[in-house]
Number of protein chains: 6
Amino acid sequence: DFMNALEEVHPAFGVSEEELQQVVQNGIIHYDPIIDVNVTKDVPFEFWLISSPGTPEDWPTVCRARTGKTALAATIAQASTFPFIKLITPDNMIGFSENQKIQSISKVFADSYKSPMSVIVIDNIERLLDWTPVGPRFSNAVLQSLMVLMAKRPPKGRRLLVIATTSLRPMLTELGLSSFDSELHVPPITRLRGLEHVIEAVELFPRSKDRARAIAMLQQAGFKDGDVGENNRLSIGVKKLLSIVEMARQEPEAVAERLTKFTRASNIMSLTNYAIA
Amino acid sequence: DFMNALEEVHPAFGVSEEELQQVVQNGIIHYDPIIDVNVTKDVPFEFWLISSPGTPEDWPTVCRARTGKTALAATIAQASTFPFIKLITPDNMIGFSENQKIQSISKVFADSYKSPMSVIVIDNIERLLDWTPVGPRFSNAVLQSLMVLMAKRPPKGRRLLVIATTSLRPMLTELGLSSFDSELHVPPITRLRGLEHVIEAVELFPRSKDRARAIAMLQQAGFKDGDVGENNRLSIGVKKLLSIVEMARQEPEAVAERLTKFTRASNIMSLTNYAIA
Amino acid sequence: DFMNALEEVHPAFGVSEEELQQVVQNGIIHYDPIIDVNVTKDVPFEFWLISSPGTPEDWPTVCRARTGKTALAATIAQASTFPFIKLITPDNMIGFSENQKIQSISKVFADSYKSPMSVIVIDNIERLLDWTPVGPRFSNAVLQSLMVLMAKRPPKGRRLLVIATTSLRPMLTELGLSSFDSELHVPPITRLRGLEHVIEAVELFPRSKDRARAIAMLQQAGFKDGDVGENNRLSIGVKKLLSIVEMARQEPEAVAERLTKFTRASNIMSLTNYAIA
Amino acid sequence: DFMNALEEVHPAFGVSEEELQQVVQNGIIHYDPIIDVNVTKDVPFEFWLISSPGTPEDWPTVCRARTGKTALAATIAQASTFPFIKLITPDNMIGFSENQKIQSISKVFADSYKSPMSVIVIDNIERLLDWTPVGPRFSNAVLQSLMVLMAKRPPKGRRLLVIATTSLRPMLTELGLSSFDSELHVPPITRLRGLEHVIEAVELFPRSKDRARAIAMLQQAGFKDGDVGENNRLSIGVKKLLSIVEMARQEPEAVAERLTKFTRASNIMSLTNYAIA
Amino acid sequence: DFMNALEEVHPAFGVSEEELQQVVQNGIIHYDPIIDVNVTKDVPFEFWLISSPGTPEDWPTVCRARTGKTALAATIAQASTFPFIKLITPDNMIGFSENQKIQSISKVFADSYKSPMSVIVIDNIERLLDWTPVGPRFSNAVLQSLMVLMAKRPPKGRRLLVIATTSLRPMLTELGLSSFDSELHVPPITRLRGLEHVIEAVELFPRSKDRARAIAMLQQAGFKDGDVGENNRLSIGVKKLLSIVEMARQEPEAVAERLTKFTRASNIMSLTNYAIA
Amino acid sequence: DFMNALEEVHPAFGVSEEELQQVVQNGIIHYDPIIDVNVTKDVPFEFWLISSPGTPEDWPTVCRARTGKTALAATIAQASTFPFIKLITPDNMIGFSENQKIQSISKVFADSYKSPMSVIVIDNIERLLDWTPVGPRFSNAVLQSLMVLMAKRPPKGRRLLVIATTSLRPMLTELGLSSFDSELHVPPITRLRGLEHVIEAVELFPRSKDRARAIAMLQQAGFKDGDVGENNRLSIGVKKLLSIVEMARQEPEAVAERLTKFTRASNIMSLTNYAIA
Ligand SMILES: Nc1ncnc2c1ncn2[C@@H]1O[C@H](COP(=O)(O)OP(=O)(O)OP(=O)(O)O)[C@@H](O)[C@H]1O
Ligand SMILES: Nc1ncnc2c1ncn2[C@@H]1O[C@H](COP(=O)(O)OP(=O)(O)OP(=O)(O)O)[C@@H](O)[C@H]1O
Ligand SMILES: Nc1ncnc2c1ncn2[C@@H]1O[C@H](COP(=O)(O)OP(=O)(O)OP(=O)(O)O)[C@@H](O)[C@H]1O
Ligand SMILES: Nc1ncnc2c1ncn2[C@@H]1O[C@H](COP(=O)(O)OP(=O)(O)OP(=O)(O)O)[C@@H](O)[C@H]1O
Ligand SMILES: Nc1ncnc2c1ncn2[C@@H]1O[C@H](COP(=O)(O)OP(=O)(O)OP(=O)(O)O)[C@@H](O)[C@H]1O
Ligand SMILES: Nc1ncnc2c1ncn2[C@@H]1O[C@H](COP(=O)(O)OP(=O)(O)OP(=O)(O)O)[C@@H](O)[C@H]1O
Ligand SMILES: [Mg+2]
Ligand SMILES: [Mg+2]
Ligand SMILES: [Mg+2]
Ligand SMILES: [Mg+2]
Ligand SMILES: [Mg+2]
Ligand SMILES: [Mg+2]
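This part takes up the site of ligand 5. Taken together, 16 residues lie near ligand 5, and E:Ile29, E:Lys69, E:Thr70, E:Ala71 and F:Arg153 sit nearest. Around ligand 5, the neighbouring residues derive from chains E and F rather than from a single chain. E:Ile29 places a polar main-chain atom, nitrogen or oxygen, 2.7 Å from a nitrogen atom of ligand 5. Contacts to ligand 5 include E:Thr70, whose side-chain N or O atom sits 2.7 Å from an oxygen atom. Within the complex, 93% of the 620 Å² of free accessible area of ligand 5 lies under protein. At the level of secondary structure, the elements contributing two or more residues to the shell around ligand 5 comprise α4 (69-80) and α11 (238-248) of chain E. Its residues assigned to classes, the shell around ligand 5 comprises 7 nonpolar, 5 polar and 4 charged. Shared between two domains, the shell around ligand 5 holds at least three residues of each, these being domain 1 (2-185) and domain 2 (192-272) of chain E.

This is the structure in structure tokens:
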């Protein structure tokens, strides 16, 4: 009857290809070894976390966001080729009551039990919990349900991998939600080499001479390739970098200048927090 | 089907001309370079903030309000000439339940996804959130919905610019709502030159001799044109200045005297906070 | 269609003569220059506050209350002779839910927009907000609605003056409700001259010799006419003074003695807070 | 129409004789001058408070309770011979919702306005407000309604005296409910003379020789007649004293001994708070 | 009509024999003089408290519980032979709403007023109030109802004795629920004599020689008969002692050894709080 | 009628074999003497607790979880061979309201009273209470119901053993839920001997030579067999160890290496809390 259950799963639930595509729109650039993580089928661990690293003091908020966590989680899930892959995301739960959220979350888990091997991606766990640092306030009911569902053992013969993403790693510790088997940090890009890798991948400069010049300009602007220990290091999330690339591309003759200017401006903003664009 | 979607948009939603007109009633005076900001079509950033600058200690509350933030946001939105422009404002949500607010906010976003390029102005974000510093209290449900909607990526091929305004910049940091791509500060007018620009624009004094005399009187009253670093600087929001101009205009023979008197009185009030009119 | 709108206003809303009469029952005594404030038609300011002055430490609670704030607000409103005058008062909202309060408040504002010039008196704003210093607790929903309504710009061609009264001035600052254009303080009577003015106005002593004797007795009891800077100054609200006058009047032969005794007793009570009558 | 209104009042509302009788069951003993307070008709003050005196540190809780506050309030109300006398008491509101409480309180006030002169006794105001010092917690809605009702001016030609009782005087200050015109403290009995007066009034000892002996015993037990300034003074509420008298009366031959023993025991309990009976 | 009312009471309410029996299942052992307290009919006090003594620091939680408070309260109530005896216990109110609790509590009081003499036992008052020290949290509505009901005077000619039990004496002080007329402490057994009395009463050792040996062993294990002032004293609730007796009885040849072992183990647990059984 | 009641119990409630099986899926390995605890029928204690030992500082969260508490509780319950055995677990109550939880919990207790001897396992008591350390927040209604139900005495002739499990021992003390008769700690495995026992039981190495080599490698990696007092000791929950064993088993030729690597990695994670897998 296992096969029947499986069949029952596929049409209604199964892999939500479209949703995953939407999350990883343009393909992944492997600017950092962490991007190459691969879920081999023999990994026995049940609960992974993908987070922006560090405490809030380490990087300003602006930098911790949009580093590519969701894209990485979706990539890992797709690479698993498990028959059941589902995304639990706050994007689809706007205006839901606590109860509706819990219903739809626990439905995904219940469905996953029908497949022999499943991956559930819980994206942006702080928003799912309605978390604000002021108070703090959050939905305790959703938190408790998540805790029970993630600690629950799947029925005999079923395997379930849960991958959660968050930009607020310390929140999880505070809430007692910290028994992950494995944890991946997706930091903003801080090294010149990472910048160069992305710029190359998006083919911003057709001629490598131009690219080299741009990299030199970025280096002069303050990006380094050495250790990251310095106090005043520059950093940029991959999302913002891609936006800037797009913006720089508009004026063909001044691409390198505009790239450097925008990248730097975005760092000033994130470092001073109150900057004028 | 893009054209269909677009058509579907226009009658029901589209640009809300009337609402925008209402917000920028008398045209904008360009008394400060910031007013001339222009949304060029190639700006890739998705989330702008227009705020009164500084912490509450910098300017008394009276001054931070009514500096022209809403007017500037509306002007930028209109200048974009995007096919979809919408205003989300607490003015239309008095007595709404949390749920009704969330419904109407997320409807605007959903509608915006049907247009290839859209601008959404979220006016007076602190009132939308029912924020009070006492507690603090606010609507966490609305906050979470805004956070999710603003972080959500528009469907492929759609571009969305969100412009929010606030008089309480520090509130946004406290709530973790601070990942703006760009930030514009609209301060009260603090320099004599700004005052003069407005007075000229509203044609308060038909004869430039009279205007010069008024400016001299204002200078004597304490307004300066130099740097703004002094502790006891004078300042006035553009809204109040326009009101005072209107008031001064009433008695033709003493316009300059009345202008100076009222401007000064309004500064005393905002500095001492407990003044007698 | 303006005339039509106006007509539409009058029967249903218009000036609520009866309510205003009820508030200013016996006519106003001009014991202090502040009472003579006059709303000239050219005042452009939109939001006035009438408050008991000072912080709670300055005067004991007993003194800050009943100094004639409501009476003054109503007098100013009547003097404006605007076609639309309305009183928003907690007296009519006992047992109302938050929602009912908001409905009836925003209805008054909506109605006011139909008249070219309107005055709205918001009486006793701390009670409207259900404010208690313990907590503090208050109705955030009513507060937010008031804030939005008072910041909202009336439709083109309409003018609206809002006059609010409060005995708890510091509460407004705490709540961020402090962008008034103008502020009037109505203190308790602290000078002998004020006392004398009232006693004369109510014709307590038919013979001026008797009045002079009574004033001398009050002076001996501690009331002075000089500056108010002394630590231990005496003061009395106009309401309590009028009550005492009435009480003193009962025994014709000892009017001055009783007046002095009661006025003094009432001061002891307000200074020691725990006195035996 | 005043006479009509009056008539309308009487049958349905009027003086609630039975309730008042219930509160003052056995007549009042005038053991202290405060008991003789008399509401003369010319008292213009509108809001009286009858309280247990002092801060919680002055007397242990046991002593502050049951000193005869309700009985005194009812006696004053009856002595007024006003045509409308009503008791608002938490005894009749057990299990009421906030709304039901507010309804029934404001109904009493509305009814009182129909009579030319009215007395409303608000008994045990801390229970009406559901007050607990832990938090503190209380019904803000009831508090606000009481504040508005007590500050509201009765319609022209009506007079209303409100008499409130409380055992928690400091609570009222904390809540901002402290604008009383007059305040009576009903302390526990602390002087030998007061004890003697009560013992005489209840005719515990038929022979005055026996009474003198009992008083001597009480004096030896620690009760004094001098000043009350000593740190370790004894005290007893009138209610408990009457109970002890009743108890002592049971064994005719040892009345004085038992009276002394119980009175002393009750003091030990209230002083140590954790005593064994 | 008193007799009618009485009759009306009996069938429906009256003494709840069964409930009381359930509470005092096996008869009371008089191991301590406090157990012999007797409610003589002439006791005028209205409100008794039976509590575990001391602050939480004095005895570990384990010891304060189950010392026989409920059994003592029920015994006193039965000994009164009053025609109306009722038990208010949280055991019968699991899952009740605040309102249902208040209804059923106030019904018991209302019924009691129909009998000339009544006893109401309010068992485990901290559970009735849903009290947790974390917060603290509790049902303020139930608390207020209890306060009003216990302060209310019964109708003329009725007498009502209320006996409450608690393991959390300090909670009552904190909540302001501390105006008891009389207070009984039921401590755990701390003296060898008490242990011996119980062991004798339950006839654990048929031969007194064996009993003497067991007592000697307990003495050696640390139980003393002297004063209770020592820091590290041993103690045991009567409930646990009876359980241990039952357990020891299982193996006839080693009764004394097992009794000593278990009694000691139970003390270790309560002292260290984290012991391995 | 006892037999009838019993019969009535069996079909509907009785022992929930399936549930218990699910909890102890693969049989218990006796790696520690605590696992051999046996509920002998003469144990009179009514309330057992099975907890992860220590305060949160002693072991990182990761280690305290999944040490085998639920498996041990179920094993003890099954070993009792009582006719009524039931599991109360948050796994079955996701999305339940407070009321539904209380209903289903108290139903289990009510059912248990029908059997002469019953065991109730309350699993993961912190989740049943919706506990978060932030606040802290929890369901006071569920807590109170549990407290009353666990303190309630079963009807005459019935015996009930309650076994609760928790990973948050200090929470119970904080909530006042700490009157257990007996307490078992199930720590993570910290000694080499324990590791060896498990590895042997799961027959990871067919040849004992290989096992000895693996143990030697683990010893070198830091696991010791001596006392547990050292600051930096290694530890691993039985659950994670079994997972690692399974993972190591995948590559036959490097079993010992992989076992050591994973065990060590898992320790690094739990010690540093922020590790990269
Ligand atoms: N390695 C990558 N290569 C190319 N594009 C990437 C990569 N990582 C992320 N992106 C792109 O950057 C954008 C933002 O990525 P993503 O949403 O995953 O970031 P995030 O860290 O989840 O953001 P948030 O903090 O808002 O949840 C997406 O459009 C995604 O396609
Ligand atoms: N640059 C400008 N030139 C002319 N008029 C202006 C200008 N800026 C603002 N105004 C006018 O001032 C008034 C107040 O401006 P606006 O509502 O934009 O201020 P605001 O900063 O949004 O106020 P608030 O703090 O209340 O939201 C409007 O009537 C607007 O037309
Ligand atoms: N200037 C005045 N001359 C004569 N009577 C006055 C004057 N001011 C107030 N009164 C009278 O005193 C009474 C109380 O005044 P009013 O209600 O305005 O005081 P208030 O400060 O609003 O009190 P509250 O603090 O309770 O709101 C009214 O009866 C009013 O008629
Ligand atoms: N002066 C007095 N003479 C005789 N009996 C009195 C006197 N004062 C009070 N009593 C009696 O004492 C009892 C308690 O009085 P009362 O209820 O007025 O006290 P209280 O201070 O209101 O108590 P509580 O603090 O509970 O509200 C009543 O039975 C009342 O009849
Ligand atoms: N003096 C006594 N002699 C014999 N048995 C007693 C005595 N006191 C209590 N018991 C028995 O001990 C058990 C527990 O007593 P009881 O329920 O009265 O304790 P408690 O202090 O009310 O407990 P809790 O703190 O849980 O409310 C009951 O079975 C009761 O019969
Ligand atoms: N002694 C043991 N021998 C073999 N397997 C065990 C043993 N103890 C636990 N397990 C297995 O380990 C897994 C986790 O055990 P269990 O759920 O009892 O841990 P737990 O401490 O209750 O976890 P949690 O903290 O999540 O409640 C189960 O699959 C169980 O079968
Ligand atoms: Mg993301
Ligand atoms: Mg604005
Ligand atoms: Mg007023
Ligand atoms: Mg009373
Ligand atoms: Mg009990
Ligand atoms: Mg478990």
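Let us look at the environment of F:Val238. Residues and elements named next belong to chain F. Take Val238: it is sitting in helix α11 (residues 238-248). Taking the C-alpha atoms as reference, Val238 lies 8.3 Å from Val198; in sequence the two are 40 residues apart. With sequence-adjacent residues up to four places away left out, Val238 is seen in contact with Tyr31, Arg66, Thr67, Gly68 and Ile189.

Time to look at the packing of helix α5 (residues 98-112) of chain F against helix α7 (residues 140-151) of chain F. All names here are of chain F. Contact geometry of α5 with α7 gives a least axis separation of 9 Å together with a crossing angle of 10°. Taken together, the axis directions place α5 and α7 in an arrangement best described as roughly parallel. The two elements α5 and α7 meet at a crossing, and its hand is right-handed. Contacts from Glu98, Lys101, Ile102, Ile105, Ser106 and Phe109 in α5 reach Asn140, Ala141, Val142, Ser145, Leu146, Leu149 and Met150 in α7. Looking at the contact of α5 with α7 residue by residue, the classes come out as 8 nonpolar, 3 polar and 2 charged.

What follows covers the sheet that holds strand β1 (residues 47-51) of chain B. Residues and elements named next belong to chain B. One open sheet accounts for 5 strands, arranged β2-β3-β4-β1-β5; its pairing is parallel. Of all the strands in the sheet, just β2 (84-88) and β5 (182-185) have a single pairing partner and so form its edges. Pairwise comparison of adjacent strand axes, ignoring direction, gives a mean angle of 15° for this sheet. The pairing of β2 with strand β3 (residues 117-122) spans 5 bridges and is parallel. Counted as the bridge partner of Ile85 is Val119 from β3.

This part covers unusual backbone geometry. Of note, the bond from D:Gly135 into D:Pro136 is cis; its omega dihedral lies within 30 degrees of zero at -10°. Although it is not a glycine, A:Thr81 adopts a positive phi angle of roughly 50°. Along the chain, A:Thr81 turns up in the loop between α4 (69-80) and β2 (84-88). Of note, F:Asp130 is a non-glycine position whose phi angle comes to about 55°, a positive value.

Here is what the cut-offs are and how they apply
- Residues numbered from 1 in each chain as written.
- Chains lettered and ligands numbered in written order.
- Predicted model: local features only at pLDDT ≥ 70, side-chain atom pairs only at ≥ 80, totals over all residues.
- Heavy atoms only, no water.
- Near = heavy atom within 4 Å.
- Polar contact = N/O pair within 3.5 Å; in protein donor to acceptor, adjacent residues only side chain to side chain.
- Areas by Shrake-Rupley, 256 points an atom, 1.4 Å probe, with all protein chains shown as cover.
- Helix = DSSP H or I, 4+ residues; strand = E, 2+ residues; numbered from the N terminus.
- Nonpolar A, V, L, I, M, F, W, Y, C, P; charged D, E, K, R; others polar.
- Domains from an automatic or database assignment.
- Contact = heavy atoms within 4.5 Å.
- Axes fitted to C-alpha atoms, helices over the stretch in contact; angles between N-to-C directions.
- Parallel < 35°, antiparallel > 145°, perpendicular 65-115°, else oblique.
- Left-handed = near helix turned anticlockwise from the far one by under 90°.
- Pairing = 2+ DSSP bridges.

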